[in-house]
Amino acid sequence: MLVLVGTLIVVGCVLGGYVMSHGQLLALWQPYELLIIFGGAIGAFLTANPSKVVKAALHETLALVKGPKYRKQDYVDLLSLLYDIFGVMRKEGVLGMEPHIEDPQSSPVFSAYPRLLGEQHLVEFITDCLRLVVGGNMEAHELEALLDAEVENHHMEAEAPAQAVAKMADALPGFGIVAAVLGIVTTMSNLGGDTTRIGEHIAGALVGTFLGILLCYGFIGPLAAAMESRVREDGKAYECVKVALLANLRGYNPKVSVEFARKALSAHARPNFQDLEDHLKGARAGAGA
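This section reports on the structure supplied with the text. Here the structure is a predicted model, which is why all the values come from computation and not from measurement.

**Quick notes on a nonpolar patch on the surface**
Together, Met-1, Leu-4, Val-5, Ile-9 and Val-65 make up a nonpolar patch on the protein surface, roughly 470 Å² of accessible area in all. With respect to the helices, strands and loops of the structure, Val-5 is situated in helix H1 (residues 2-20).

**Comments concerning unusual backbone geometry**
Phi at His-22 is positive, roughly 75 degrees, even though this residue is not glycine. For His-22, the position within the fold is in the loop between H1 and helix H2 (31-48). For His-22, a relative accessible area of 71% gives the class exposed.

**Re the nonpolar core**
Of all hydrophobic cores here, the largest spans 43 residues; its most connected members are Leu-78, Ile-85, Met-97, Leu-122 and Ile-126. If you list the elements that add at least two residues to this core, you get helix H4 (72-92), helix H6 (108-111), helix H7 (114-117), helix H8 (120-136), helix H9 (140-188), helix H11 (236-249), helix H12 (254-263) and helix H13 (273-288). The residues contacting Met-97, other than those within four sequence positions of it, are Ile-85, Val-88, Met-89, Phe-110, Leu-130 and Val-134. If you look at the next biggest cluster of nonpolar residues, it comprises 21 residues, including Val-207, Leu-211, Ile-220 and Ala-224.

**Here's the deal with the environment of Gly-96**
Position of Gly-96 relative to the elements: it lies in the loop between H4 and helix H5 (98-102). Along the sequence, Gly-96 and Val-3 sit 93 residues apart, while their C-alpha atoms lie 46 Å from each other.

**So, the packing of H9 against H11**
The contact between H9 and H11 brings their axes to 10 Å, and the two run at 175 degrees. What the angle tells us is that H9 and H11 run roughly antiparallel. Listed contacts from H11 to Ala-140, Leu-143, Glu-144, Leu-147, Asp-148, Val-151, His-154 and His-155 of H9 are Tyr-238, Glu-239, Lys-242, Leu-246 and Leu-249. Here the contact of H9 with H11 is composed, by residue class, of seven nonpolar, two polar and four charged.

**A closer look at H12**
Along H12, the residues that are buried comprise Pro-254, Ser-257, Val-258, Glu-259, Ala-261 and Arg-262. Capping of H12 at its N-terminal end is provided by Asn-253; its side-chain oxygen lies 3.1 Å from the backbone amide nitrogen of Lys-255.

**Some words on the packing of aromatic side chains**
Summed over the entire model, instances satisfying the criterion amount to three aromatic pairs. Centre to centre, the rings of Phe-125 and Tyr-238 are 5.2 Å apart; their planes meet at 65 degrees, and the pair counts as edge-to-face. A residue pair is termed long-range when its members are at least 10 positions apart, and Phe-125 in helix H8 and Tyr-238 in helix H11 qualify at 113 residues. The exposure class assigned to Phe-125 is buried, which follows from its relative accessible area of 4%.

Rules of the game
Position numbers for residues count from 1 along each chain, tracking the sequence in the order it is written. Local features in a predicted model are, by the rule used here, given only for residues with pLDDT of at least 70; side-chain atom pairs are given and counted only at 80 or more, and totals for whole chains, interfaces and linings are based on all residues. With hydrogens and water set aside, each side-chain value is computed from the structure's full complement of heavy atoms. In this scheme, patches are assembled from residues that exceed 30% relative accessible area and form no salt bridge. Like charges are connected within 9 Å, while nonpolar side chains (Val, Leu, Ile, Met, Phe, Trp, Tyr) are connected within 5 Å. For the area figures, the Shrake-Rupley method with a 1.4 Å probe applies, and any residue is considered shielded solely by the protein chains shown. When a carboxyl oxygen of Asp or Glu lies within 4 Å of a side-chain nitrogen of Lys or Arg, that pair is called a salt bridge. Note on conventions: DSSP H or I runs of at least 4 residues are helices, E runs of at least 2 residues are strands, and numbering of each starts at the N terminus. Exposed residues in this analysis have more than 50% of their type's maximum accessible area, buried residues have under 20%, and partly exposed residues fall in between, with area computed by a 1.4 Å probe over protein chains only. What is meant by a nonpolar core is a set of buried Ala, Val, Leu, Ile, Met, Phe, Trp, Tyr and Cys residues, joined one to another through side-chain atoms within 4.5 Å. It only takes one pair of heavy atoms within 4.5 Å for two residues to be counted as in contact. Comment: axis = line fitted to C-alpha atoms, over the contacting stretch for helices; angle = value between 0 and 180 degrees taken between N-to-C directions. Note that the term roughly parallel is reserved for angles under 35 degrees, roughly antiparallel for angles over 145, roughly perpendicular for angles of 65 to 115, and oblique for everything else. Classification used: nonpolar for Ala, Val, Leu, Ile, Met, Phe, Trp, Tyr, Cys and Pro, charged for Asp, Glu, Lys and Arg, polar for all others including Gly. Pairing of N or O atoms within 3.5 Å defines a polar contact, subject to two protein rules: one partner must be a possible hydrogen donor and the other a possible acceptor, and residues neighboring in sequence count only if both atoms are side-chain atoms. Stacked, tilted and edge-to-face are the three classes applied to pairs of Phe, Tyr and Trp rings, where Trp contributes its six-membered ring and a pair requires centres within 6.5 Å; stacked means planes under 30 degrees apart, edge-to-face means over 60, and tilted covers the rest.

Keep in mind these numbers describe shape, not what the thing actually does.
Have a look at this one:
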């Protein structure tokens with residue numbers, strides 16, 4: 001929602017200020033300048049990036065309207081899932097998790113949280129980490145190095161679309177200059193003609209520079225920043241899993257391990273201790289019934 005509000009404010013203030021200073025809106029309508037700037041930027045974007053990044057950039061742009069992928073209730077479910085996993089490991093040993101991680105879709109532990117079960121990458125991350133615990137016989141510091149590398153790799157892949165869009169935004173002022181130069185070329189070729197037409201060509205060239213800068217700093221650049229911020233926020237789920245697994249491997253009980261994970265979340269998305277405690281009590285009561 002803030003993305004749409006911010007975009008409307010940019011459009012309203014820029015165009016509103018221009019009209020209030022007695023500018024003519026029709027003078028800004030330069031379709032050929034837009035074709036040069038947008039067409040050049042999109043072409044360069046497609047040339048510079050593989051298809052998976054292009055598709056992911058489109059998907060992430062549309063997803064900004066929906067807000068963050070994981071909300072407070074999702075983190076409550078994630079922490080509860082980790083608590084249940086650690087409970088199984090404590091009662092049955094680490095080998096007790098083997099059937100659950102081999103087929104999480106039919107696992108009663110994972111299927112209790114259908115929203116999370118639909119997040120394929122997150123479930124794969126959890127199950128891959130648990131496989132290392134079950135079959136690796138690893139010390140906590142050894143597992144930590146592997147998890148750090150995997151989380152970093154995930155973050156790099158997730159941020160690639162935002163970085164690609166940011167580079168496209170950086171190129172827009174350059175394409176605006178290209179459009180302006182081409183407009184000046186057209187102007188120079190009409191120097192002996194009607195002065196009104198010459199003025200229109202100069203105005204069009206200046207609009208090209210204006211559009212390139214406005215699109216970069218008013219629209220595409222902030223869009224890339226919003227995408228990057230969303231990726232960082234969504235990555236907290238992976239950090240949460242990593243912290244909880246390491247705490248459990250170091251010998252902390254399930255409740256303390258989950259508390260370690262809760263502290264790794266951002267303050268605005270973190271469920272408070274009492275909400276999580278009440279949720280866990282309700283889950284245990286439901287399981288006992």
